[in-house]
Amino acid sequence: MTDTQLNFDVIVVGAGPAGLSAAIELKRLGTGSVLVVEREKQAGGIPRHCLHSPYGMREWNRLMFGPAYARRLTQDALDAGVDIRCETTVTALKPNGVIDISSDAGQQTLTGRAVLLAMGARETSRSARLVGGTKPKGVMNTATLQNFAAFCDHMPFKRPVVVGTELVSFSALMTCRSHGVRPVAMLEKNGRITARAPFALAPKAMGVPLHLETQIAQIHGKRQVEAVTIIDPSGSHTLQCDGVIFTGGFRPENALLRSSGFEIDSGSLGPKIDQYGRLSDTGYYCAGNILRGIETAGWCWNEGRKVAQCIAAGLQGDLPPRTPVNVSAQASASEHAIKFTLPQAISPSDPKAPVAFDKLQLRLSDAYTGDVVIGTSTHRVSSKPERRILLPLPQSPVSQKALP
Amino acid sequence: MSKVYDVAIIGAGVIGCAIARRLTLDGARVIVLEKAPDILDGASKANSAILHTGFDAPQGSLELACVQEGYKEYEALRGQMNLPLDRCGALVLAWTEDQEARLPILMEQAHANGVEDVAPLSRTETLALESALNSTVRASFRVPRESLIDPWSAPHAYLLQALLNGADLKRDCPVLAGQFDGRQWTLTTPRGDIQATYVINAAGLYGDKVDLILLGQSSFNIRPRKGQFVVFDKMAARLTQHILLPVPTETTKGIVVCRTIWGNLLVGPTAEEQEDRETAGLDQDTLEMLRAKGAEILPELASEEVTSLYAGLRPACEHKEYQIKTHPDTNMVTVGAIRSTGLSSALGTAAHVGRLLEGLGHQAQPIKIPDLPQMGMLAEHETRDWQRAGNQGILCHCEKVTYREAMAVLNDPLAPKSFAGFKRRTRASMGRCQGFYCGQAVQSLLDEKGLEHD
Ligand SMILES: Cc1cc2nc3c(=O)[nH]c(=O)nc-3n(C[C@H](O)[C@H](O)[C@H](O)COP(=O)(O)OP(=O)(O)OC[C@H]3O[C@@H](n4cnc5c(N)ncnc54)[C@H](O)[C@@H]3O)c2cc1C
Ligand SMILES: Cc1cc2nc3c(=O)[nH]c(=O)nc-3n(C[C@H](O)[C@H](O)[C@H](O)COP(=O)(O)OP(=O)(O)OC[C@H]3O[C@@H](n4cnc5c(N)ncnc54)[C@H](O)[C@@H]3O)c2cc1C
């Protein structure tokens with residue numbers, strides 16, 4: 001390919017696990033030209049800077065660290081004949097697979113017969129959490145911390161506080177401990193950690209006190225962080241530290257979708273898709289963390305692959321039309337327990353067509369035990385918030401085309 | 001060897017920067033002394049970035065005159081230096097009967113202030129202009145020329161033009177003491193003595209303190225007044241075209257909702273008196289209040305993401321009026337307590353100070369064809385560097401800051417001396433992700449360039 005090529009069978013936005021696995025699968029299925037557009041200097045997405053495992057189990061049955069995993073996926077894509085353009089940012093999505101990009105060459109327009117959006121997710125910043133105090137250096141998310149560990153010869157602090165207890169929070173702990181940084185505490189506002197129970201042992205094993213029912217109220221310091229004020233049931237306290245890592249609270253990197261006029265699910269903050277991964281403009285598909293905040297790399301990788309199969313079918317004209325019926329989900333005993341379902345809508349089915357989302361992904365915002373009514377069927381659910389719950393996909397509506 | 005300057009300006013806030021430009025162009029040999037590692041580190045670091053018409057300024061005040069002269073000059077020179085202006089206009093909104101009753105009075109004041117183009121709007125007309133507005137609004141009036149500017153590129157441009165035309169700048173250089181020997185001043189700083197015929201005190205939040213150390217007395221006492229803001233992501237900017245102003249009260253202009261020149265949307269500021277002149281702390285409850293207030297005015301704001309938080313300190317004092325004073329016996333001018341309109345008035349205030357200095361006997365030949373700096377254009381409604389060829393790729397994705405923009409700033413005569421200074425000049429890592437993606441890349445770039453960072 002030359003950089004002057006402007007038309008492709010498929011354009012993938014984002015070279016993370018979802019985008020790269022989709023591109024590889026598309027080539028395997030014989031798709032002509034597949035371009036992956038990535039705004040960073042290197043392909044690989046988030047795993048590029050995750051200097052820890054587990055990565056690669058689902059993909060290759062191997063336990064890998066993030067960077068090796070990112071390199072392998074990238075190499076596999078190149079070997080499969082995928083074109084990857086790094087340092088290229090997609091700036092607008094237009095009808096019928098027309099996208100605007102920006103690179104050193106300035107602005108250009110590319111066209112894909114289909115476009116897969118795999119822009120990933122990011123953590124919630126200190127600002128979006130409205131945490132008070134001053135704005136010294138040393139306040140960041142886990143990914144930024146990991147970027148320092150992976151690409152920089154110094155760490156931004158020595159004794160930070162870690163806020164949050166999601167899976168990624170433990171990545172933050174691991175990254176700290178393997179880079180000579182000793183967190184002074186891990187804070188969780190609820191009475192138990194968000195990640196699965198065994199992880200509660202990890203901070204102690206790493207010599208980091210875990211404070212439950214504790215919130216961060218203020219950050220202090222002029223240049224560098226000097227302390228934080230925390231609030232627990234016994235009152236407010238000052239904790240000396242030189243940094244704050246705000247972990248998790250993942251949200252889809254959805255600005256491009258929104259500014260391009262795609263409808264956003266107020267629960268997942270991602271786009272609304274049908275079981276083939278299609279958006280409201282049928283040239284566009286979606287996979288990976290852009291759909292819902294956070295899943296593991298393996299899950300996103302698999303999703304990319306499955307959506308790629310739908311894209312390939314779509315290019316052959318083998319997907320049913322997108323005439324979706326919205327999925328209705330109700331938790332009988334609690335109005336606000338349901339955060340989102342994926343997909344949000346069901347299009348007609350077709351025995352010839354592959355289905356990317358063959359289960360309904362349900363996520364709760366609060367712990368809930370009780371019935372959940374999906375369309376016309378009722379399911380018993382008992383789960384903590386933010387866990388992946390898989391339910392049978394509701395029945396497809398009858399295709400208009402299929403009617404005599 | 002020590003050089004004798006015509007004028008030493010103490011403080012590189014927007015006021016000091018504008019004065020440096022004016023006096024340099026008028027022919028004076030100028031030095032600017034700033035105590036912070038970088039310029040714009042005091043009151044000028046955080047404001048609402050509105051270029052005011054003066055429609056609501058006190059009638060007949062010096063403030064009004066400076067704001068209006070400043071507005072005109074900004075309009076005249078912005079094209080020459082590539083400075084943005086978004087002439088979006090403001091709506092003064094009445095939500096209660098009492099407020100509605102005050103609209104005609106405020107419009108009369110606008111007329112008296114020479115702002116003739118204000119126009120009353122009914123509820124329906126208001127909602128026709130701003131459809132996302134809470135429909136309980138009762139009435140408003142429109143001030144067409146209230147505008148948005150870049151609060152940092154403007155003062156940078158002023159000082160940069162001064163530097164290009166011969167002025168000197170010393171950062172990290174607090175003035176600690178000074179002696180006037182009847183002919184000239186000797187100012188004591190940790191970086192050596194500075195000699196100058198005239199001294200201008202433009203020390204903002206320390207205006208009274210600098211008067212005290214140089215004159216032994218001050219006719220005003222600074223009482224910092226904090227203003228906190230929440231900033232929403234660019235998608236929220238669709239919700240309003242205008243600057244949405246409340247009917248002001250005795251003590252404050254009130255909480256404003258407006259876009260920023262960079263295409264975000266801000267809600268603020270508060271008005272909170274405090275003793276501390278250095279720290280503008282953020283308070284979670286106040287931030288929640290601002291968030292809620294924003295959603296009250298623009299209901300759709302409730303589901304928008306907060307991008308950033310900031311707070312600034314106004315150099316307020318016990319008097320309402322600017323404290324601009326000449327001290328003829330000591331060749332000094334104090335430009336103090338430029339409380340809440342300094343960004344708008346800076347060029348006008350500078351012109352006024354230029355005339356005061358002439359009154360003190362200062363004479364010089366204006367520079368015939370001054371050099372003009374070209375500023376990077378960061379305004380969302382203008383063509384940005386990322387849209388042009390040769391931009392070297394994007395460093396900060398949320399604000400679409402290019403490497404070329406970053407390098408231009410780092411190689412400029414007014415290169416930043418701190419991370420914060422770099423962010424003010426480029427907006428890198430000030431967007432929705434707050435550094436999630438680019439934080440380390442930005443830091444490494446600055447490390448590489450050898451910036452001593454904060
Ligand atoms: C700190 C951290 C630790 C983690 N640890 C683990 C772990 O140990 N094991 C595990 O399985 N998972 C882990 N995860 C999760 C895993 O990394 C993600 O699930 C996975 O990377 C998601 O893949 P993705 O392709 O959806 O998105 P991403 O990996 O986020 O990739 C998205 C890509 O899109 C690009 N992009 C975005 N917008 C544009 C645009 N407009 N134009 C061009 N390109 C764009 C981005 O630059 C990025 O490269 C971790 C995540 C984090 C943040
Ligand atoms: C919340 C808020 C909102 C505002 N909104 C607007 C608006 O929308 N429009 C508008 O026009 N105006 C607005 N303003 C007002 C405007 O920001 C101020 O009027 C202006 O910044 C004052 O600038 P200054 O140069 O006088 O002071 P400063 O910016 O404080 O500059 C003084 C400088 O002097 C330095 N200094 C102090 N002591 C010494 C010393 N001893 N030696 C050397 N240097 C010293 C300081 O470090 C500082 O850099 C707002 C202000 C705030 C706080």
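Along each chain, residues carry numbers from 1 onward, in the same order as the chain's sequence is written. The naming scheme follows written order: chains are lettered A onward, ligands numbered 1 onward. Per-residue local features are limited, in this predicted model, to residues with pLDDT of at least 70; the limit for side-chain atom pairs, both in listing and counting, is 80 or more; totals at the level of whole chains, interfaces and linings are taken over all residues. Values shown for side chains rest on all heavy atoms present in the structure; no hydrogens or waters enter the calculation.

### Quick look at the overall build of chain B
The number of helices and strands found in chain B is 11 helices and 21 strands. Its C-alpha atoms give chain B a radius of gyration of 22 Å, within 12% of the compact-globule value 22 Å for 454 residues. Along the longest, intermediate and shortest principal axes, the C-alpha atoms of chain B span 65 × 50 × 40 Å. For chain B, the residues scored as buried account for 62% of the 454 residues in total. Pairs at least 24 apart in sequence give 72% of the contacts found in chain B among residues at least 6 apart. For the charge count, each Lys or Arg is scored as positive and each Asp or Glu as negative, with His and the chain ends excluded. By convention, the point assigned to a charge is CZ for Arg, NZ for Lys, CD for Glu and CG for Asp. Distance between charge centres in chain B, computed from 46 positive and 56 negative side chains, equals 3 Å. Strands are runs of DSSP state E lasting at least 2 residues, helices are runs of H or I lasting at least 4, and numbering of each runs from the N terminus. Only C-alpha atoms enter the radius of gyration, while the globule expectation follows 2.2 Å times N to the 0.38, with N the number of residues. The buried label applies to any residue whose accessible area, calculated with a 1.4 Å probe on protein chains only, is under 20% of its type's maximum; exposed applies above 50%, and partly exposed to all values in between. It only takes one pair of heavy atoms within 4.5 Å for two residues to be counted as in contact.

### Here's the deal with the overall build of chain A
Regarding its fold elements, chain A presents eight helices and 26 strands. Computed over the C-alpha atoms, the radius of gyration of chain A is 22 Å, within 12% of the 22 Å expected from 2.2 N^0.38 for a compact globule of 404 residues. Across the 404 residues in chain A, those meeting the buried criterion constitute 57%. Of the roughly 16600 Å² that chain A leaves accessible, carbon and sulfur atoms contribute 50%. Looking at charge distribution, chain A has the averaged site of its 44 positive side-chain charges lying 4 Å from that of its 34 negative ones. What sets the accessible areas is the Shrake-Rupley method with a 1.4 Å probe; for residues, cover comes only from the shown protein chains.

### Let's talk about the site of ligand 2
Residues and elements named next belong to chain B. Residues are counted as near a molecule or strand when any one of their heavy atoms sits within 4 Å of it. The local shell around ligand 2 holds 40 residues, among which Glu-34, Ala-43, Ser-44, Ile-338 and Ser-344 are the closest. Residues adjacent in sequence count toward polar contacts only when both atoms are side-chain atoms; beyond that, a polar contact is any pair of N or O atoms within 3.5 Å, and within protein one must be able to donate a hydrogen and the other to accept it. Glu-34 is positioned with one of its side-chain polar atoms (N or O) 2.5 Å from an oxygen atom of ligand 2. Between ligand 2 and the protein, one listed contact pairs an oxygen atom with a backbone N or O atom of Ala-43 at 2.8 Å. Taking 1000 Å² as the accessible area of ligand 2 by itself, protein coverage stands at 97%. Every element with two or more residues in the shell around ligand 2 is listed here: helix 1 (14–25), strand 12 (225–232), strand 17 (306–314) and helix 8 (342–359). Residues belonging to the shell around ligand 2 are distributed by class as follows: 22 nonpolar, 14 polar and four charged. When residues of the shell around ligand 2 are sorted by domain, at least three fall in each of domain 1 (4–47 + 152–222 + 318–359) and domain 2 (85–147 + 224–314). When residue character is reported, Ala, Val, Leu, Ile, Met, Phe, Trp, Tyr, Cys and Pro are called nonpolar, Asp, Glu, Lys and Arg charged, and the others, Gly included, polar. Delimitation of the domains relies on an automatic or database domain assignment.

### Re helix 3 (residues 97–112) of chain B
All names here are of chain B. Compared with an ideal rise of 1.5 Å per residue, which puts 16 residues at 22 Å, helix 3 spans 24 Å between its outermost C-alpha atoms and is within 8% of the ideal. At any given residue, the bend is defined as the angle formed between two axes, one fitted to the seven residues that end at that position and one fitted to the seven that begin there. Taken as a whole, helix 3 carries its principal kink of about 30° at Leu-103; the proline Pro-104 stands between one and four residues after it. The secondary structure elements touched by the buried residues of helix 3 are strand 4 (90–94), strand 5 (119–122) and strand 6 (139–143). Gly-114 sits one or two residues past helix 3 and shows a positive phi near 85°. Expected span, for any helix, means 1.5 Å times one less than how many residues it has.

### What about the pattern of salt bridges?
Salt bridges, as used here, are contacts in which a Lys or Arg side-chain nitrogen is within 4 Å of a carboxyl oxygen on Asp or Glu. Per the stated rule, a full pass over the model turns up 46 salt bridges over all chains. A salt bridge links Arg-363 of chain A to Glu-295 of chain A; the shortest N-O distance between them is 3.7 Å. Residue Arg-363 of chain A is found in strand 23 (residues 359–364), and its partner Glu-295 of chain A is found in the loop between strand 18 (284–286) and helix 8 (297–315); the two are separated by 68 residues along the sequence. A relative accessible area of 4% means that Arg-363 of chain A is categorised as buried. Here Glu-300 of chain B makes a salt bridge to Arg-238 of chain B, at a shortest N to O gap of 3.1 Å. Note that Glu-300 of chain B is positioned in the loop between helix 7 (284–297) and strand 17 and Arg-238 of chain B in the loop between strand 12 and strand 13 (243–246), a separation of 62 residues in sequence. Assessed through its relative accessible area of 40%, Glu-300 of chain B is described here as partly exposed.

### Section: unusual backbone geometry
Cis peptide bonds are those with omega within 30 degrees of zero, and the linkage from Leu-342 of chain A to Pro-343 of chain A qualifies with -10°. Here Pro-343 of chain A is to be found in the loop between strand 21 (338–342) and strand 22 (345–346). Of note, the bond from Gly-268 of chain B into Pro-269 of chain B is cis; its omega dihedral lies within 30 degrees of zero at -5°. Mapped onto the elements, Pro-269 of chain B comes out in the loop between strand 15 (265–268) and strand 16 (272–273). Here Leu-40 of chain B, not a glycine, exhibits a phi torsion of approximately 60°, which is positive. Within the secondary structure, Leu-40 of chain B sits in the loop between strand 2 (30–33) and strand 3 (50–51). The exposure class of Leu-40 of chain B is buried, given its relative accessible area of 0%. At Asn-82 of chain B, a position not held by glycine, the phi torsion is positive, near 65°. Looking at where Asn-82 of chain B falls in the secondary structure, it is placed in the loop between helix 2 (62–81) and strand 4.

### Section: the domain arrangement of chain B
Residue and element names in this part refer to chain B. The assigned domain composition of chain B is domain 1 (4–47 + 152–222 + 318–359), domain 2 (85–147 + 224–314) and domain 3 (385–448). Computed over C-alpha atoms only, the centres of domain 1 and domain 2 are separated by 31 Å. Counting residues at the interface gives 14 residues for domain 1 and 13 residues for domain 2. Here the quantity called buried area is the accessible surface, traced with a 1.4 Å probe, that two parts lose on coming together, added over both. Buried area between domain 1 and domain 2, summed over both chains or domains, comes out near 1200 Å², and the portion from carbon and sulfur atoms is 54%. Broken down residue by residue, the surface that domain 1 buries against domain 2 is led by Ala-46, Leu-205 and Arg-339, which jointly contribute 40%. Counting every contact that joins domain 1 to domain 2 gives two salt bridges.

### Describing helix 9 (residues 403–410) of chain B
Along helix 9 of chain B, the residues that are buried comprise Tyr-403, Glu-405, Ala-406, Val-409 and Leu-410 of chain B. Axial view of helix 9 of chain B: buried residues confined to an arc of 160°, hence all on one face. Think of it as the arc spanned by the lines of direction from the helix axis to the C-beta atoms.

### Quick notes on the packing of helix 4 (residues 142–151) of chain A against helix 11 (residues 439–448) of chain B
The contact between helix 4 of chain A and helix 11 of chain B brings their axes to 8 Å, and the two run at 45°. The angle between the axes of helix 4 of chain A and helix 11 of chain B places the two elements in the oblique class. Here Thr-144, Asn-147, Phe-148 and Phe-151 of chain A of helix 4 of chain A come into contact with helix 11 of chain B, specifically with Gly-439, Gln-440 and Gln-443 of chain B. Looking at side-chain class alone, the contact of helix 4 of chain A with helix 11 of chain B contains two nonpolar, five polar and no charged residues. For every element, the axis is a line fit to its C-alpha atoms; helices are fit only across the contacting stretch, and the angle between N-to-C directions ranges from 0 to 180 degrees. Throughout this description, any angle smaller than 35 degrees is read as roughly parallel, any larger than 145 degrees as roughly antiparallel, any in the 65 to 115 degree range as roughly perpendicular, and the remainder as oblique.

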